[in-house]
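Here is what each chain is made of, one letter per residue.
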Amino acid sequence: MSNYHCPDSKTVQTLKDIANKLRIHSIESTNASNSGHPTSCCSAADVMSVLFFNVMSYTVDEPRHPNNDRFVLSKGHAAPILYAAWAEAGLFPASDLLELRKLTSDLEGHPTPRLNFVDVATGSLGQGLSCAAGMAYTGKYFDKADYRVYCLIGDGESAEGSIWEALAFGSRYNLDNLVAIFDINRLGQSEATMLEHDLDVYKARVEAFGWNTYVVDGHDVEALCKTFWDASHVKGRPTCILAKTYKGQGIPGVADAENWHGKPLGNQALEAIKAIKDNIINAGPHNIIPRQPTVTLSPVNTSVELSQPPSYKLGEVVATRLAYGTALVKIGKNNDRVVAMDGDTKNSTYAQKFKDAFPDRFIECYIAEQNLVGVGIGCGTRNRTIPFVSTFAAFFTRAFDQIRMGAISQTNANFVGSHAGVSIGEDGPSQMALEDISMFRSVPGSTVFYPTDAVSTERAVELAANTKGICFIRTSRPNVPVIYENNEPICCWEGKGMLSIVRQSASDQVTVIGACVTLYEALKAADILAERGVNIRVIDPFTIKPIDADTIIGSALQTGGRIITVEDHYAEGGLGEAVAGSVSHQSGITVKRLFVPEIPRSGKSEELLEKYGISANCIVKAVENFLSA
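Small disclaimer: the values here were computed from a predicted structure and weren't measured.

**Considering the overall build of the protein chain**
Each helix and strand in the protein chain was counted, giving 20 helices and 19 strands. What you see for the protein chain is a C-alpha radius of gyration of 28 Å, in line with the 25 Å of a compact globule of 629 residues. Its C-alpha atoms give the protein chain principal-axis dimensions of roughly 90 × 50 × 40 Å. For the protein chain, the proportion of its 629 residues judged to be buried stands at 62%. Within the protein chain, contacts between residues at least 6 apart in sequence are counted, and of these 79% link residues at least 24 apart.

**Considering helix H13 (residues 400-408)**
Listed as buried for H13 are Gln402, Ile403, Met405 and Gly406. The buried residues of H13 occupy one face: seen down the axis, they fall within an arc of 165°. Looking at the buried residues of H13, the elements they touch are helix H5 (161-172), helix H12 (369-379), strand E10 (414-418) and helix H14 (436-441). Positive backbone phi, approximately 60°, marks glutamine 410, located one or two places after H13.

**Side note on the nonpolar core**
Leu129, Ile363 and Phe415 are the most contacted members of the largest nonpolar core, which totals 109 residues. What leucine 129 contacts, discounting residues up to four positions off in sequence, is Ser74, Cys151, Ile153, Ile163, Ala166, Leu167, Leu178, Ala180 and Trp211. Counting 52 residues, the second-largest nonpolar core is a separate cluster that includes Leu51, Ala79, Tyr83 and Ala85.

**Describing the UniProt feature "domain: Transketolase-like pyrimidine-binding" (unreviewed entry) in the protein chain**
Here, the residues flagged by UniProt with the feature "domain: Transketolase-like pyrimidine-binding" (unreviewed entry) are residues 318-482. A helix fraction of 38% and a strand fraction of 19% characterise residues 318-482, whose end C-alpha atoms lie 7 Å from each other.

**Structural notes on the side chain of glutamate 88**
Within the secondary structure, glutamate 88 sits in helix H3 (residues 79-89). No salt bridge is formed by the buried glutamate 88, whose closest oppositely charged neighbour, lysine 21, lies at an N-O distance of 4.5 Å. In this structure the side chain of glutamate 88 is engaged in a polar contact, spanning 2.8 Å, whose partner is the side chain of histidine 25.

**Focus on the sheet that holds strand E1 (residues 70-73)**
Across the sheet, 5 strands lie side by side as E1-E2-E3-E5-E4; this open sheet has parallel pairing. Each having just a single partner strand, E1 and strand E4 (212-217) make up the two edges of the open sheet. Adjacent strand axes in the sheet meet at a mean angle of 20° when their direction is disregarded. Here strand E3 (residues 178-184) pairs with strand E5 (residues 239-244) via 6 bridges, running parallel. The residue of E5 that forms the bridge with alanine 180 is cysteine 240. Where helix H7 (residues 221-232) meets the sheet, its contacts fall on strand E2 (149-154), E3, E4 and E5, and the angle it forms with E4 comes to roughly 170°.

**Brief notes about the side chain of glutamate 462**
By the secondary structure assignment, glutamate 462 is in helix H15 (residues 454-465). Given a relative accessible area of 14%, glutamate 462 falls into the buried group. With residues up to four places along the chain from it excluded, the contact list for glutamate 462 reads Val304, Glu305, Leu306 and Ile331.

**With respect to the pairing of E10**
On a regular strand, one side chain projects to one face of the sheet and the next to the other, so that they alternate. Of all 5 residues making up E10, 5 are buried, and the element is well covered by its neighbours. One ladder, built from 5 bridges, connects strand E9 (residues 386-392) with E10; its direction is parallel. Bridging from a neighbouring strand, threonine 391 pairs with glycine 417 of E10. Where the polypeptide runs from E9 across H13 and back to E10, its parallel neighbour, the crossover connection is right-handed. Bridging between E10 and strand E12 (residues 471-474) involves 4 bridges; their strand directions are parallel. Looking at E12, one finds that asparagine 414 is bridged to cysteine 471.

**Description of the packing of helix H1 (residues 9-33) against helix H8 (residues 269-277)**
Across the interface, H1 lies against H8 with an axial gap of 10 Å and an inter-helix angle of 170°. What the angle tells us is that H1 and H8 run roughly antiparallel. Two secondary-structure elements touch here, H1 through Asn20, Arg23, Ile24, Ile27, Glu28 and Asn31 and H8 through Ala269, Ala272, Ile273, Ile276 and Lys277. In the contact of H1 with H8, the residues fall into 6 nonpolar, 2 polar and 3 charged.

**Here we look at the sheet that holds strand E17 (residues 543-545)**
Hydrogen bonds between backbone atoms are what pair the strands of a sheet, whose relative direction is either parallel or antiparallel. Strand order in this open sheet of 7 strands is E8-E7-E9-E10-E12-E11-E17, and the pairing throughout is mixed. Of all the strands in the sheet, just strand E8 (362-364) and E17 have a single pairing partner and so form its edges. Between one strand and the next, the sheet's axes are offset by a mean angle of 20°, whatever the strand orientation. Alignment of strand E11 (residues 447-449) against E17, held across 2 bridges, turns out to be antiparallel. By the bridge assignment, phenylalanine 449 is partnered in E17 with threonine 543.

**Looking at the pairing of E1**
Of the two faces of E1, the one carrying Arg70 and Val72 and the one carrying Phe71 and Leu73 are both buried. Judged from the 4 bridges that link them, E1 and E2 form a sheet pairing that is parallel. Looking at E2, one finds that leucine 73 is bridged to leucine 152.

**Here we look at the pattern of salt bridges**
The full count for this structure, using the stated rule, is 25 salt bridges. Notably, a salt bridge pairs aspartate 436 with arginine 474, separated by 2.7 Å at the nearest N-O pair. With aspartate 436 in helix H14 and arginine 474 in strand E12, the pair connects residues that are 38 residues apart, well separated along the chain. With respect to class, aspartate 436 is no different from arginine 474; both count as buried. Here lysine 524 makes a salt bridge to glutamate 521, at a shortest N to O gap of 3.1 Å. You can see lysine 524 and its partner glutamate 521 sitting in helix H16 (residues 517-531), 3 residues apart, about one turn around the helix. A residue is classified by how much of its surface remains accessible, and lysine 524, at 45% relative accessible area, is partly exposed. Here the salt bridges do not stand alone but share partners, grouping Asp143, Arg337 and Arg384 into one network.

**Examining the packing of aromatic side chains**
For the structure shown, the criterion picks out 24 aromatic pairs. Seen from their ring centres, tryptophan 86 and phenylalanine 117 are 5.3 Å apart, and the 25° between their planes marks the pair as stacked. You can see tryptophan 86 sitting in helix H3 and its partner phenylalanine 117 sitting in the loop between H3 and helix H4 (128-142), a full 31 residues away along the chain. The exposure class of tryptophan 86 is buried, given its relative accessible area of 5%. Here the aromatic residues Phe52, Tyr58, Phe71, Tyr83, Trp86, Phe92 and Phe117 are joined through ring pairs into a cluster of three or more. Against the face of phenylalanine 358 rests arginine 361, its NZ or CZ located 4.1 Å from the ring centre. A cation over a ring is seen here: lysine 592 above phenylalanine 626, with NZ or CZ 5.4 Å from the ring centre.

Cut-off values and rules
- Residues numbered from 1 in each chain as written.
- Predicted model: local features only at pLDDT ≥ 70, side-chain atom pairs only at ≥ 80, totals over all residues.
- Heavy atoms only, no water.
- Helix = DSSP H or I, 4+ residues; strand = E, 2+ residues; numbered from the N terminus.
- Rg over C-alpha atoms; globule rule 2.2 N^0.38 Å.
- Buried < 20%, exposed > 50% of the residue type's maximum accessible area, 1.4 Å probe, protein only.
- Contact = heavy atoms within 4.5 Å.
- Arc of directions from axis to C-beta.
- Core = buried A, V, L, I, M, F, W, Y, C linked by side-chain atoms within 4.5 Å.
- UniProt positions renumbered as here; feature names shortened; annotations may be inferred.
- Lys, Arg positive; Asp, Glu negative; His and termini not counted.
- Salt bridge = Lys/Arg side-chain N within 4 Å of Asp/Glu carboxyl O.
- Polar contact = N/O pair within 3.5 Å; in protein donor to acceptor, adjacent residues only side chain to side chain.
- Pairing = 2+ DSSP bridges.
- Axes fitted to C-alpha atoms, helices over the stretch in contact; angles between N-to-C directions.
- Right-handed = clockwise from strand over helix to strand, strands pointing away.
- Parallel < 35°, antiparallel > 145°, perpendicular 65-115°, else oblique.
- Nonpolar A, V, L, I, M, F, W, Y, C, P; charged D, E, K, R; others polar.
- Phe/Tyr/Trp six-rings, centres within 6.5 Å; stacked < 30°, edge-to-face > 60°.
- Lys NZ or Arg CZ within 6 Å of the ring centre and 35° of its normal.

Okay, structure coming up:
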């Protein structure tokens, strides 16, 4: 290991001056917007100065260059000081900082990737470290590059369990390119934090999670420089820097005082700025040029297709969750940037097939779904990988906040949820995803696939890999017959969704729409009704969002304006509401909905479908009642 060379006195003073300039920028910008968190910025100013102007390697002109070091501001409310750091680095004029939080400015209240120097949105606390861990895992194991990842965490948000999930993950995978900095300024929003300034307890806890840990005065620039240098030479373990700081540092009468969270200084701003300026030796340009990265990485090919088309026999019985694993391997063969991760359910989701084929591209995240989702989002940043994240669909509800923040982060992560609905059988309601479609449909910009058989599942995987934004693929536990030819023309759509009319005649009287398990129940019902002289049209909606409203309306108008939806899901937000919403502007159409009406219980799959009103018998009754009304 090379010997440490302490920055000369001029550099040290310049870093101190930059820290104080960052404080002033934060005060001025929050005062201009009359909102924001200047005190939370001031506690982190020295850390930010040392990181951006002494430690990190990056190109100012191309903040998301693949070789740049990464920085995640997990305590997103301190956004003004992040913006100030990039302004001081020369990315944009410091005068732009005064546009903070204005409708016309991308300098929002919390960081989002509308800004070219932000990889993931933060502000919902406790999520940044998981995303940073995903970036670090990508750098160490997929890119095999020398860039490092830094994550600044507030002490208040360290009460979030997702932080500790990420700490466990970082040490499990020896992410020695990851540095977490805890800004321990003692004060939360409404009162002091749980541990206040008890650095010994913080240190014991973090070390127990296997991290190389330092305790440092977060306002001592020289000590910070030495600590970051030490961290850069640690091998085999991630590093946590516990920085003891004071909220509002540098502001007379405000520093370390309660009841200043999220408040601009108002009339006290001028006095505060004067006091801080008194500690600046050189107020002019600092002339520090960030260390430049080694340019070795190229853009990633994000075009994906199956290595070979589906190869099933009509009528062959295959669970869609199994077809997911098969398809994942196929796209993995054609693109080495496809990666997969799971939460210790890989033998049920069939992500195990990908692990067996490409063990170096599979990440076991264990039973920590919030971290699982965050890692997937982090892996997908800067388009370095094409991530597929799988677990039981019900367990994604645990990470809904991470998923919605993923949408704000403009992620292209793909989520695959198995064991959906009452059709899973005896496991009971805790395992039955009955809210998942609703959840993912509510996410802005999302695409929701609900494939019915193995062929359509493989195509859903292929399409999701090539679709921007969050994608969700709902897979099912039961074995179901293949109903599509292997060359079924399932192609990209232009915003209106895709579906298949799987049974129709000129005399159809009702349009019935089901998906996967309920699609097969609808086909059984069609057979029963046909024997009674009643024909129904049966539609399989391959995508629930977007949904092909034009085809649904056309079918409805040809079948007397009658639609019945049947879904293995609760009423709220699922297939039925998607269909009802899509036809709501068209007069003369009535939608009847069959769904799981209550919290279900354990039982055999066919018993549960019957009990909760979504079986073939229930569809037959609904059609007959509809026609007799």
